[in-house]
Amino acid sequence: MRGSDTFGRSREALTGLLTSGLALAVGEFGAGVSRSLVSPVAAVGDLIVDRAPGSVVRTSIRLLGTAQKPLLLAGIVLCALGLGALLARRSPADLRMGLVGFGLFGGWAMARAPLASETGSWLLAAGMVVVGLIGLGLRPGSPVSDPADGSPGGPSYEDPRIKYADRRGFLAYAGGMGGTAVGLLAAGRLVEDRSARELRARVQIPSTTVPDTTAPSTTVPDTTVPELPDVPGLDPWITPNHDFYRIDTALTVPVIDPATWSLGISGLVRREVSIGFDDLLDMEVHDATVTLACVSNEVGGQLVGNAVWTGVLLADVLALADPQSAAEQVMAWSVDGFSAGFPLDAALDGRTALVAFGMNGEPLPLEHGFPVRLVVPGLYGYVSAVKWLFRLELTDWSDKGYWIPRGWAQEAPVKISSRIDVPFPRRVPAGIVPLAGVAWYPDVGVAAVEVSIDDGRWRECELLDAEQGGGQGRPAPGRLGESWVQWLHLWEATPGNYKVRVRATGTDGTVQSGARVHPAPNGAEGYHEVGVIVEEAGS
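Definitions and limits used
- Along each chain, numbering runs from 1 in the same order as the chain's sequence is written.
- Only residues with pLDDT of at least 70 are given local features in this predicted model, and only at 80 or more are side-chain atom pairs given and counted; all residues enter the totals for whole chains, interfaces and linings.
- The side-chain numbers reported here are obtained from all heavy atoms of the structure, hydrogens and water having been left aside.
- The helix and strand labels rest on DSSP assignments: H or I over at least four residues marks a helix, E over at least two residues marks a strand, and numbering proceeds from the N terminus.
- Working definition: with a 1.4 Å probe on protein chains only, accessible area under 20% of the residue-type maximum means buried, over 50% means exposed, and in between means partly exposed.
- Here a residue-residue contact requires only that any non-hydrogen atoms of the pair lie within 4.5 Å.
- For every accessible area listed, the method is Shrake-Rupley and the probe measures 1.4 Å; residues are considered covered only by the protein chains on display.
- In this analysis, the expected span of each helix is defined as 1.5 Å times one less than the number of residues it contains.
- In protein, a polar contact requires one atom able to donate a hydrogen and another able to accept it; more generally it is a pair of N or O atoms within 3.5 Å, and residues adjacent in sequence count only if both atoms are side-chain atoms.
- Two strands qualify as a pair provided DSSP detects at least 2 bridges between them.
- The nonpolar core is taken to be a set of buried Ala, Val, Leu, Ile, Met, Phe, Trp, Tyr and Cys residues, with the residues joined through side-chain atoms within 4.5 Å.
- For every residue, the pLDDT score states the predictor's confidence, bounded by 0 at the bottom and 100 at the top.
- In this analysis, the protein atoms alone were mapped onto a 1 Å grid. Cavities are point sets where a 1.4 Å probe fits without being able to get out; pockets are open sets with protein on both sides within 12 Å along at least five of seven lines; lining residues have an atom within 4 Å of a point.
- Grid points are joined across faces, edges and corners, and a volume is the space filled by probe spheres set on the points.
- With axes taken as lines fitted to C-alpha atoms, and helix axes fitted only over the stretch in contact, angles between N-to-C directions fall between 0 and 180 degrees.
- The rule for a salt bridge is simple: a side-chain nitrogen of Lys or Arg has to be within 4 Å of a carboxyl oxygen of Asp or Glu.
- Three classes are used: nonpolar for Ala, Val, Leu, Ile, Met, Phe, Trp, Tyr, Cys and Pro, charged for Asp, Glu, Lys and Arg, and polar for all others, with Gly counted as polar.
- Two rings from Phe, Tyr or Trp (for Trp, the six-membered ring) form a pair when their centres sit within 6.5 Å of each other. Planes less than 30 degrees apart are called stacked, planes more than 60 degrees apart edge-to-face, and all others tilted.
- Placement of a positive charge over a ring is assigned whenever Lys NZ or Arg CZ falls within 6 Å of the ring centre and within 35 degrees of the normal to the ring plane.

A.B. asks: Please set out the overall build of the chain residue by residue, giving values where relevant.
C.D. replies: When you go through the chain residue by residue, the secondary structure sums to 10 helices and 19 strands. The proportion of buried residues among the 539 residues of the chain is 54%. Summarising the internal contacts of the chain: among those between residues at least 6 apart in sequence, 74% fall at separations of at least 24. Split by element, the accessible area of the chain, about 23400 Å² in all, is 56% carbon and sulfur.

Written out as structure tokens, the structure is:
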């Protein structure tokens, strides 16, 4: 009877797993077909992130980077499935109680989400529980007591007299439950993706700039950028949308209809206003090439990108509300509840701060803030680059954004930085070896980049914008100071092992520091340094 008992325990555990999975699939399907509902898994994830200490969040970003979100969501799903299996092994009654508990907790988590309908969230949670209970009730061959057994306690999984349905019937049940769950997930995702594509397809960006993201000779409005020699491995001057880094607090990407979107402006203003998407398109539209950087970016890291953003000046938008003299800070809010605050001066001092709706000649991708986001040159994203924007509030400095109570600095200008991209791989033949990369200091601008070989003298590099003001300590013209520069040095390398490092100098005379500073609380510092092995030519 031992084999039969083992099968019974495994079968009940799998029943619990499938029942929990089916309930979750119902929730994901509901969130996929309705923009007034949110994913129960993402809602629980948001709850975890909101309650997590800042040190935990910082560590997870540092260790996991962009894998942080999918790993958290996968962990929540695995925990739910595992708990369902554990409860089912104890008894069907425990699993029923567990499903009700899942529904109550999930309903509360979904209802508290900023984008969600409270009533709809509780109805969806109830539907998850009901479907889960129905699925549990359909399982074949529930353990039954031998009629000769007069014990009042019900069936025991250890009782050798328990009889189970044949394996074939249970496997059919398991296949049906699993297939239904997968079908619901796929259908919800298909509807959501189709809806998102249709919404983006309706938006026409009034921009004349369609950048070539494969070449460093990209055309930027009002400027002509000289070409660098072709250097394989060097990041393009314009980062393609699909390669642009993404760090934000949204575990699932909000899908917002531009036709119903509006931006409210309130707080320390003389008149509160609300403008729609078409109102933005009717204003004067600007293109600006701006580098954005994440404060969590390590020295030499990839959490930085350069794009041509299309939108209207934030200063023009704020002027509609006529800020009061007491206003010190712009607090911006995302539809998912995220908030960030930055000095009002950053919107009014002449930098190209945008309420943006385009990225590299097309509507914003969903994951980068569609339909509208903020782009503020010179400030780290966690205090300025709010995606899925829906509210601006002018305040004094007493208000704090999302990340400030979690240990990050309130004022966050982007620090001057540089990175070595080439050579890669780091093993090269002797001869002329290109050393190349990017450097950024928005919105000040980079005047010079230098490399050092084995702690030797600093050697000047060629800059992308050298013919337009960089290199002599003069600011780059127009908007080029808001974007990164590519740099190149041709090194006559002989065989050996070498240490190469890079530093940048800003147009204001600031020289990049070589002292190592961790990203928290206001950005990393230090020279990016790589090892290069030079081999005999032809070896």
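A.B. asks: I'd like a description of helix H2 (residues 40-51), backed by residues and values.
C.D. replies: Since the α-helix packs 3.6 residues into each turn, any two residues three or four apart lie on the same face. For H2, which comprises 12 residues, the first-to-last C-alpha distance of 17 Å matches the rise-based estimate of 16 Å (1.5 Å per residue) to within 8%. All of the buried residues in H2 are Pro40, Val41, Ala42, Ala43, Val44, Gly45, Leu47 and Val49. Measuring from the backbone nitrogen of Val41 back to the side-chain oxygen at the start of H2 gives 3.2 Å, which picks out Ser39 as the cap.

A.B. asks: Outline the sheet that holds strand S13 (residues 431-440), supporting the account with residue identities and numerical values.
C.D. replies: With antiparallel pairing, the 4 strands of this open sheet are ordered in space as S11-S13-S17-S16. Here the strands that pair on one side only, and so sit at the sheet edges, are strand S11 (417-422) and strand S16 (462-463). Note: S11 against S13, 5 bridges, orientation antiparallel. Across the sheet, Arg419 pairs through a bridge with Val438, a residue of S13.

A.B. asks: Go over the nonpolar core with me, naming the residues and quoting the values.
C.D. replies: The nonpolar side chains of a soluble globular protein tend to be buried with one another. Membership of the largest hydrophobic core comes to 83 residues, with the highest contact counts inside it found for Leu280, Trp309, Val317, Tyr382 and Leu392. In terms of residue count, strand S4 (residues 304-313) provides more of this core than any other element does, 6 residues in total. Beyond its immediate sequence surroundings of up to four residues, Leu392 is in contact with Leu263, Gly264, Ile265, Ser266, Leu314, Val317, Leu318, Val330, Met331, Ala332 and Leu374. By size, the runner-up hydrophobic cluster in this structure holds 25 residues, among which are Ala23, Leu37, Leu99 and Met128.

A.B. asks: Explain the pairing of strand S7 (residues 354-359) to me, and be specific about the residues and the numbers.
C.D. replies: Among the 6 residues of S7, 6 are classified as buried, and the element is accordingly described as predominantly covered. Where S4 lies against S7, 5 bridges are found, and the strand directions are antiparallel. Within S7, the position partnered with Leu313 by the bridge is Leu354. Two elements, S7 and strand S9 (residues 373-375), share 3 bridges in a ladder whose sense is antiparallel.

A.B. asks: With reference to specific residues and values, describe the confidence of the model for the chain.
C.D. replies: Per-residue confidence for the chain gives a mean pLDDT of 86; residues scoring 70 or more make up 86%. Counting interchain partners and residues more than four positions distant, the pLDDT-below-50 stretch residues 208-227 has 40 contacts.

A.B. asks: Residue-level account of the layout of surface pockets, with values.
C.D. replies: Quantified by volume, the second largest pocket comes out at close to 320 Å³. Looking at the second largest pocket, it is lined by 18 residues, and the ones nearest its centre are Leu24, Val44, Ala80, Phe102 and Phe105. Taken together, the elements giving at least two residues each to the lining of the second largest pocket come down to helix H1 (2-33), H2, helix H4 (68-90), helix H5 (92-111) and helix H6 (118-137). Looking at which element gives the most residues to the lining of the second largest pocket, the answer is H5, with 6 residues.

A.B. asks: Could you give an account of unusual backbone geometry, naming the residues involved and the relevant values?
C.D. replies: Residues other than glycine predominantly adopt negative phi, and peptide bonds predominantly adopt the trans conformation. Backbone torsion omega between Phe370 and Pro371 reads 10 degrees, so that peptide bond is classified as cis. Here Pro371 shows up in the loop between strand S8 (362-363) and S9. In this structure, the amide linkage connecting Val422 to the following residue, Pro423, adopts the cis form with an omega of 10 degrees. Counting through the fold element by element, Pro423 comes out in the loop between S11 and strand S12 (427-429). Unlike most non-glycine residues, Asp454 shows phi in positive territory, near 50 degrees. Tracing the backbone shows Asp454 in the loop between strand S14 (446-453) and strand S15 (458-460).

A.B. asks: Kindly report on the sheet that holds strand S1 (residues 262-267), identifying the contributing residues and their values.
C.D. replies: The 5 strands are arranged S2-S1-S10-S5-S6 in an open sheet whose pairing can be described as mixed. The open sheet has two edge strands, strand S2 (273-276) and strand S6 (339-343), and neither has a second partner. Between one strand axis and the next, the sheet turns by 20 degrees as a mean value, whatever way the strands run. With 5 bridges joining them, strand S5 (residues 329-334) and S6 adopt antiparallel strand pairing. Its bridge partner being in S6, Ala332 is matched across the sheet by Ala340.

A.B. asks: A description of the pattern of salt bridges should follow, citing residues and the corresponding values.
C.D. replies: According to the stated counting rule, one finds 22 salt bridges in the structure shown. Here Arg35 ties to Asp257 by a salt bridge, and the two come within 4.0 Å at their closest N and O atoms. Of this pair, Arg35 sits in the loop between H1 and H2 while Asp257 sits in the loop between helix H7 (167-201) and S1, placing them 222 residues apart in sequence. On the accessibility criterion, Asp257 (13% relative accessible area) is buried.

A.B. asks: Tell me what's going on with empty space enclosed by the protein, and back it up with residues and numbers.
C.D. replies: Within the structure shown, the criterion is met by 2 cavities of 30 Å³ or more. Considering only enclosed or pocket space, the largest cavity measures out at about 340 Å³ in volume. Forming the boundary of the largest cavity are 24 residues, of which Ile247, Asp248, Gly381, Tyr382 and Ala385 lie nearest the centre. Looking at the lining of the largest cavity, its residues break down into 13 nonpolar, 5 polar and 6 charged. Considered as a void within the structure, the second largest cavity measures approximately 150 Å³ in volume. Taken together, 18 residues form the lining of the second largest cavity, with Asn297, Glu298, Ser417, Trp440 and Ala524 sitting closest to its centre. For the lining of the second largest cavity, the class distribution of residues is 8 nonpolar, 8 polar and 2 charged.

A.B. asks: Summarise the packing of aromatic side chains; cite the residues concerned and give the values.
C.D. replies: Tallied over the full model, the rule gives 12 aromatic pairs. Where Phe244 meets Trp309, the ring centres are 5.7 Å apart and the plane angle is 85 degrees; that geometry is what we call edge-to-face. With a gap of 65 residues between them, Phe244 in the loop between H7 and S1 and Trp309 in strand S4 connect regions that are remote in the sequence. Of the two residues, Phe244 and Trp309, both sit in the buried class. An angle of 85 degrees between the planes, with centres 6.4 Å apart, marks the rings of Trp261 and Phe277 as edge-to-face. A residue pair is termed long-range when its members are at least 10 positions apart, and Trp261 in the loop between H7 and S1 and Phe277 in helix H8 (residues 277-281) qualify at 16 residues. Each member of the pair Trp261 and Phe277 is classed as buried. Through pairs of rings, three or more aromatic residues link up here, namely Phe244, Tyr245 and Trp309. Above the plane of the ring of Tyr402 lies Arg406, whose end atom (NZ or CZ) is 3.8 Å from the centre.

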